[in-house]
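# Fold and geometry: a report
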Amino acid sequence: MSDPVAATAVGPMVLAAVEQYESARRRLVDDDLAGSFLPPALRAFARTTRWSVVRGLLIRATERSGPGLWANLTCRKRYIGDKLTQALADIDAVVILGAGLDTKGYRLARHSAIPVFEVDLPVNIERKRSVVRRALGTVPDSVHLVPVDFERDDLAAELARHGHLSTHRTFFVWEGVTQYLSADGVGSTFEFLRSAAPGSRLAFTYVRSDFIDGTNRYGAESLYRRFRVRSRLWQFGLDPERVTAFVEPYGWQLTEQAGPDYLIEHYISPSGRNLTASQVEWTAFAEKR
């Protein structure tokens, strides 16, 4: 793809697709649609990892790029999916900000008519529409594709135009996006989130600010060079100790964070996998007051 930020939507889904070849006990994330949503070449590549030797080589290569990266990218999907499942009885809609090739809305449509709004860059939305039609035949009635440039467009207006009601208690997913935005871009999205209905939920990921400014690279030198030195795609970061103070002015209350210790305790150790989790990226979960 010509847009380097849009192109990053593919990587996490490759990892999710590969994880499906692990046994149910060892699998870090369940996503039976991940492979079918990949481009043909990557779909074929993912199939080669049904052999454990190939899978191990890929995981080790990923770990060289960023120690703990494999676990973080897969477990964050597991964590957000768990939170969404737990909240389903108490919400009226789901909004996925920066949906990429994520499959949550389509797996949810199998057993729920709750409206799901997938928001992303126009180039990603057009690709998603094509991918879904190829994999599923049609976009489910409950899923709405919403093209938005987070830096320029009125997010509330675009969601409303596609049928989202501001009075609905909404589960917002903002996964793997904030680091690609400017501070103003993140701030404008939180300004939108300020108007969310009480009882709404928000799960979002962020890269640590000390990694963004280079103070601490957490052993991920290759990752730092790729995203901060060469491409400078990663712009925004947060300190885990300051997330509460960051979200509260917008009317949100932080209820939990999933850092590396959480991922190891809840997902990695029970799987019996010999994997680490990275300090570079965390997932926060908040509720609207």
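You'll find the structure just up there.
Given the structure is predicted, the values throughout are model-derived calculations rather than measurements.

In this section: the pattern of salt bridges. Scanning all chains against the criterion turns up 23 salt bridges. Across the pair R55 and E22 runs a salt bridge, and its minimum N-O distance is 2.9 Å. With a gap of 33 residues between them, R55 in helix α4 (residues 52-65) and E22 in the loop between α2 (10-19) and α3 (40-48) connect regions that are remote in the sequence. For the residue pair R55 and E22, the accessibility class agrees, reading buried in each case. Note that R76 and E175 form a salt bridge whose closest N and O atoms lie 2.8 Å from each other. On the criterion of sequence distance, the pair formed by R76 in helix α5 (residues 69-87) and E175 in the loop between β4 (170-174) and α9 (183-194) is long-range, its members being 99 residues apart. On the accessibility criterion, R76 (6% relative accessible area) is buried.

Walk down a regular strand and you will see the side chains alternate between the two sheet faces. With seven of eight residues buried, strand β7 (residues 281-288) is to be regarded as a mostly interior element. Bridge analysis of strand β5 (residues 201-207) against β7 gives seven bridges, and the strand direction is antiparallel. Within β7, the residue paired with F204 across the bridge is A284.

A word on the packing of aromatic side chains. Between two aromatic rings, the relevant description is the distance of the centres plus the angle of the planes. Applying the stated criterion across every chain, the model contains 18 aromatic pairs. With a centroid separation of 5.3 Å and 90° between ring planes, the pair formed by F190 and F246 is classed as edge-to-face. Of this pair, F190 sits in helix α9 while F246 sits in helix α12 (residues 243-247); the two residues are 56 residues apart in sequence, bridging distant segments of the chain. Taking the relative accessible area as the measure of exposure, F190 reaches 0% and is therefore buried. A connected cluster of aromatic rings, assembled from ring pairs, spans W174, F190, F204, Y206, F236, F246 and Y250.

It is worth spelling out empty space enclosed by the protein at this point. For the structure on display, the rule yields one cavity of 30 Å³ or more. In this structure, the largest cavity encloses a volume near 40 Å³. Put simply, the parts of the chain that give the lining of the largest cavity at least two residues each are α5 and β7. Within the lining of the largest cavity, the residues separate by chemical class into two nonpolar, two polar and two charged.

Let's shift gears to the side chain of E63. Positionally, E63 belongs in helix α4. Buried and unpaired, E63 has R273 as its nearest opposite-charge partner, separated by 9.1 Å.

Right, let's get into the sheet that holds strand β3 (residues 143-147). The mixed open sheet is built from seven strands, whose spatial order is β3-β2-β1-β4-β5-β7-β6. Two strands lie at the open edges of the sheet, namely β3 and β6 (252-258), each paired on one side alone. Each neighbouring strand pair of the sheet contributes to a mean axis angle of 20°, computed without reference to strand direction. Bridge count between β4 and β5: four bridges; the pairing is parallel. Its bridge partner lying in β5, V173 is registered against A203. Its contacts with the sheet place α5 against β1 (93-97), β4, β5, β6 and β7, and it is angled at close to 15° to β7.

One recurring pattern in soluble globular proteins: nonpolar side chains tend to sit buried together. Formed by 62 residues in total, the largest nonpolar core has its most connected members in W70, V94, Y106, F171, F211, L223 and W234. For this core, the element with the highest residue contribution is α5, accounting for nine residues. Setting aside residues no more than four positions away along its own chain, F211 makes contact with N216, R217, Y218, A220, L223, Y224, W234 and V280. Core analysis: the next-biggest nonpolar cluster, separate from the first, contains 32 residues, V95, V119, V148 and L159 among them.

So, on to the packing of α2 against α5. Between α2 and α5, whose axes approach to 10 Å, the crossing angle comes to 80°. Taken together, the axis directions place α2 and α5 in an arrangement best described as roughly perpendicular. Across from P12, M13, L15, A16, V18 and E19 in α2, the residues of α5 making contact are W70, L73, T74, R76 and K77. Grouping the constituent residues of the contact of α2 with α5 by class yields seven nonpolar, one polar and three charged.

Definitions and limits used
- Residues numbered from 1 in each chain as written.
- Predicted model: local features only at pLDDT ≥ 70, side-chain atom pairs only at ≥ 80, totals over all residues.
- Heavy atoms only, no water.
- Salt bridge = Lys/Arg side-chain N within 4 Å of Asp/Glu carboxyl O.
- Helix = DSSP H or I, 4+ residues; strand = E, 2+ residues; numbered from the N terminus.
- Buried < 20%, exposed > 50% of the residue type's maximum accessible area, 1.4 Å probe, protein only.
- Pairing = 2+ DSSP bridges.
- Phe/Tyr/Trp six-rings, centres within 6.5 Å; stacked < 30°, edge-to-face > 60°.
- 1 Å grid on protein atoms, 1.4 Å probe; cavity = no way out; pocket = protein on both sides within 12 Å on 5 of 7 lines; lining within 4 Å.
- Points joined across faces, edges and corners; volume = space filled by probe spheres on them.
- Nonpolar A, V, L, I, M, F, W, Y, C, P; charged D, E, K, R; others polar.
- Lys, Arg positive; Asp, Glu negative; His and termini not counted.
- Axes fitted to C-alpha atoms, helices over the stretch in contact; angles between N-to-C directions.
- Contact = heavy atoms within 4.5 Å.
- Core = buried A, V, L, I, M, F, W, Y, C linked by side-chain atoms within 4.5 Å.
- Parallel < 35°, antiparallel > 145°, perpendicular 65-115°, else oblique.

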